[in-house]
Amino acid sequence: MASLKVPSNVPLPEDDAEQLHKAFSGWGTNEKLIISILAHRNSAQRSLIRSVYAATYNEDLLKALDKELSSDFERAVMLWTLDPAERDAYLAKESTKMFTKNNWVLVEIACTRSALELFKVKQAYQARYKKSLEEDVAQHTSGDLRKLLLPLVSTFRYEGDDVNMMLARSEAKLLHEKVSEKAYSDDDFIRILTTRSKAQLGATLNHYNNEYGNAINKNLKEDSDDDYLKLLRAAITCLTYPEKHFEKVLRLAINKMGTDEWGLTRVVTTRTEVDMERIKEEYQRRNSIPLDRAVAKDTSGDYEDMLVALLGHGDV
């Protein structure tokens, strides 16, 4: 996993906690100081800062941030400061609520995290919400959407590189038959998508492309634009080419009337320590503008400063 560039003179977590406490003191909050610390610490360092802050000041750092900050800047800082599994659990919970319902986020979490990361998300979800992620997904979805999403969040995929080429050929043929029949929610179609390793699925879809002359998502797109097929295509992209999915989320968040701050914040805070360099390359290739410049043009103030710092161009 890639980590943020951290200056060689990074202070001890005790010093960071003290500086953050100072940022909250006095007449106004020192947002620049908060950014200069938290935006330049990796996940393990942020976790240590939180522990030291709680022990020293008898207050959860997240609660202190919540009291001091507001709006999109607060959301970005809060999401970034959370442990990755806690953050995903929170995002998943938000995605099942009536007014913030977003099945795309559930697909992202289920399909772009490793098997162990997804397992930790589900542990964090149970600890925080006293119910299982599967329980909430089942409760808040129905029909074909539930049929796809429930096994996606329930699976524990094999993570290795071993591939069975005979199986890839036979399952490519099966997928092609189901697409030809427009049986997009067929049990076998969903079984292949939700249980096979990413390496095996990649081999299957490569064979599909080579044998039948089209990528499977192109065939799916030609047929319909309903919510289930959109989600199905998103799942396939997240499993096989995640940077392409996240580039699209960012492009739609930035390049329309009114910024989708929620989508923008989610991608930056969840992918900065994972595959942001690949996402930036994909964004530049697709849009002919560097991502950090596009973000800076579309945001302002402390929110802009936080996002640009996370994108790697704000080192102190």
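The protein appears in an unreviewed UniProt entry as Annexin from Brassica juncea.

This part takes up the UniProt feature "binding site: Ca(2+) 3" (unreviewed entry) in the protein. Summarizing the sequence annotation, UniProt attributes the feature "binding site: Ca(2+) 3" (unreviewed entry) to Asp298 in the numbering used throughout. Locating Asp298 in the fold gives a position in helix α19 (residues 291-298). According to the relative accessible area criterion, Asp298 is partly exposed, its value standing at 27%. Setting aside residues up to four positions removed in sequence, Asp298 forms contacts with Ala253, Ile254 and Thr259.

Together, Leu116, Phe119 and Phe156 line one region of the surface with nonpolar side chains, adding up to about 320 Å² of accessible area. Along the chain, Leu116 falls in helix α8 (residues 115-129). The class for Leu116 is partly exposed, based on a relative accessible area of 46%.

A word on the pattern of salt bridges. A full pass over the atoms with the stated rule returns 25 salt bridges. A salt bridge links Asp302 to Lys32, with the shortest nitrogen-to-oxygen separation between them at 2.9 Å. Pair noted here: Asp302 is in helix α20 (residues 301-313) and Lys32 is in helix α2 (residues 31-38), with a separation of 270 residues, a long-range link. In this structure, the salt-bridge partner of Glu177 is Lys173, at a minimum N-O distance of 2.9 Å. Of this pair, Glu177 and Lys173 both sit in helix α11 (residues 165-180), 4 residues apart, which is roughly one turn of the helix.

This part is about empty space enclosed by the protein. Taken as a whole and judged by the stated rule, the model has 3 cavities of 30 Å³ or more. In this model, the largest cavity occupies a volume close to 60 Å³. What lines the largest cavity is Ala110, Arg113, Ser114, Ala115, Leu118, Thr155, Phe156, Arg157, Glu159 and Lys198. Each pocket or cavity is described by its volume, and for the second largest cavity that value is around 30 Å³. Lining the second largest cavity are Ser43, Arg46, Ser47, Arg50, Thr81, Leu82 and Asp83. Considering every element that reaches the lining of the second largest cavity, the biggest residue donor is helix α3 (residues 43-57), with 4 residues.

Before going further, it helps to spend a moment on the state of the cysteines. Scanning the model with the defined rule gives 0 disulfides in all. The closest cysteine sulfur to the non-disulfide-bonded Cys111 is located on Cys238, 5.7 Å from its own sulfur.

For the rest of this paragraph, the subject is α11. In this model α11 runs 22 Å from its N-terminal to its C-terminal C-alpha over 16 residues, within 8% of the 22 Å that 1.5 Å per residue would give. Looking one or two residues beyond α11, the residue adopting positive phi is Lys182, at roughly 60°.

Glancing now at the domain arrangement of the protein. Taken domain by domain, the protein holds domain 1 (13-69), domain 2 (84-154), domain 3 (165-240) and domain 4 (242-311). With 11 residues of domain 2 in contact, the opposing surface of domain 4 contributes 9 residues. Carbon and sulfur atoms make up 57% of the surface buried where domain 2 meets domain 4, a total of about 860 Å² over both sides. Summed over the shared surface of domain 2 and domain 4, the result is 1 salt bridge. Note that Arg266 and Glu108 form a salt bridge whose closest N and O atoms lie 2.8 Å from each other. Connecting domain 2 to domain 4 are 4 residue pairs in polar contact (both at pLDDT 80 or more). Mapped onto the side of domain 2 that touches domain 4, the elements with two or more residues apiece are α6 (84-96) and α7 (103-112). Among the elements that make up the side of domain 2 that touches domain 4, the one with the highest residue count is α6 (5 residues).

Take the packing of α6 against helix α17 (residues 261-271) next. Closest axis-to-axis distance for the α6/α17 pair is 12 Å, and the angle between their directions is 155°. Judged by the inter-axis angle, α6 sits roughly antiparallel to α17. Of the two possible hands of crossing, α6 and α17 adopt the one that is left-handed. Mapping the contact onto sequence places Arg87, Asp88, Tyr90, Leu91 and Glu94 in α6 and Trp262, Arg266, Thr269 and Thr270 in α17.

This part is about the UniProt feature "binding site: Ca(2+) 1" (unreviewed entry) in the protein. UniProt's feature table lists "binding site: Ca(2+) 1" (unreviewed entry) at Phe24, Gly26, Gly28, Glu68, Ile254, Lys256, Gly258, Ala296, Thr299 and Glu304, given in the numbering used throughout. In the annotated set above, the residues contributing to the lining of the largest pocket are Lys256. Here Gly28 lies in the loop between α1 (13-24) and α2.

So, on to the layout of surface pockets. Roughly 1,000 Å³ of internal volume is contained in the largest pocket. If you trace the largest pocket, you find 35 residues lining it, with Asn217, Arg233, Thr237, Lys244 and Lys248 closest to the centre. Of all elements in the fold, only α7, α13 (198-212), α14 (216-223), α15 (227-240), α16 (242-254), α17 and α18 (276-287) reach the threshold of two or more residues within the lining of the largest pocket. Top element by residues in the lining of the largest pocket is α16. It accounts for 8 residues. Looking at side-chain class alone, the lining of the largest pocket contains 11 nonpolar, 9 polar and 15 charged residues.

Reading the values: the criteria
Residues numbered from 1 in each chain as written. Predicted model: local features only at pLDDT ≥ 70, side-chain atom pairs only at ≥ 80, totals over all residues. Heavy atoms only, no water. UniProt positions renumbered as here; feature names shortened; annotations may be inferred. Helix = DSSP H or I, 4+ residues; strand = E, 2+ residues; numbered from the N terminus. Buried < 20%, exposed > 50% of the residue type's maximum accessible area, 1.4 Å probe, protein only. Contact = heavy atoms within 4.5 Å. Patch = residues over 30% accessible without salt bridge, like charges linked within 9 Å, V, L, I, M, F, W, Y side chains within 5 Å. Areas by Shrake-Rupley, 256 points an atom, 1.4 Å probe, with all protein chains shown as cover. Salt bridge = Lys/Arg side-chain N within 4 Å of Asp/Glu carboxyl O. 1 Å grid on protein atoms, 1.4 Å probe; cavity = no way out; pocket = protein on both sides within 12 Å on 5 of 7 lines; lining within 4 Å. Points joined across faces, edges and corners; volume = space filled by probe spheres on them. Disulfide = S-S within 2.5 Å. Expected span 1.5 Å × (residues − 1). Domains from an automatic or database assignment. Buried area = accessible area lost by both parts, 1.4 Å probe. Polar contact = N/O pair within 3.5 Å; in protein donor to acceptor, adjacent residues only side chain to side chain. Axes fitted to C-alpha atoms, helices over the stretch in contact; angles between N-to-C directions. Parallel < 35°, antiparallel > 145°, perpendicular 65-115°, else oblique. Left-handed = near helix turned anticlockwise from the far one by under 90°. Nonpolar A, V, L, I, M, F, W, Y, C, P; charged D, E, K, R; others polar.

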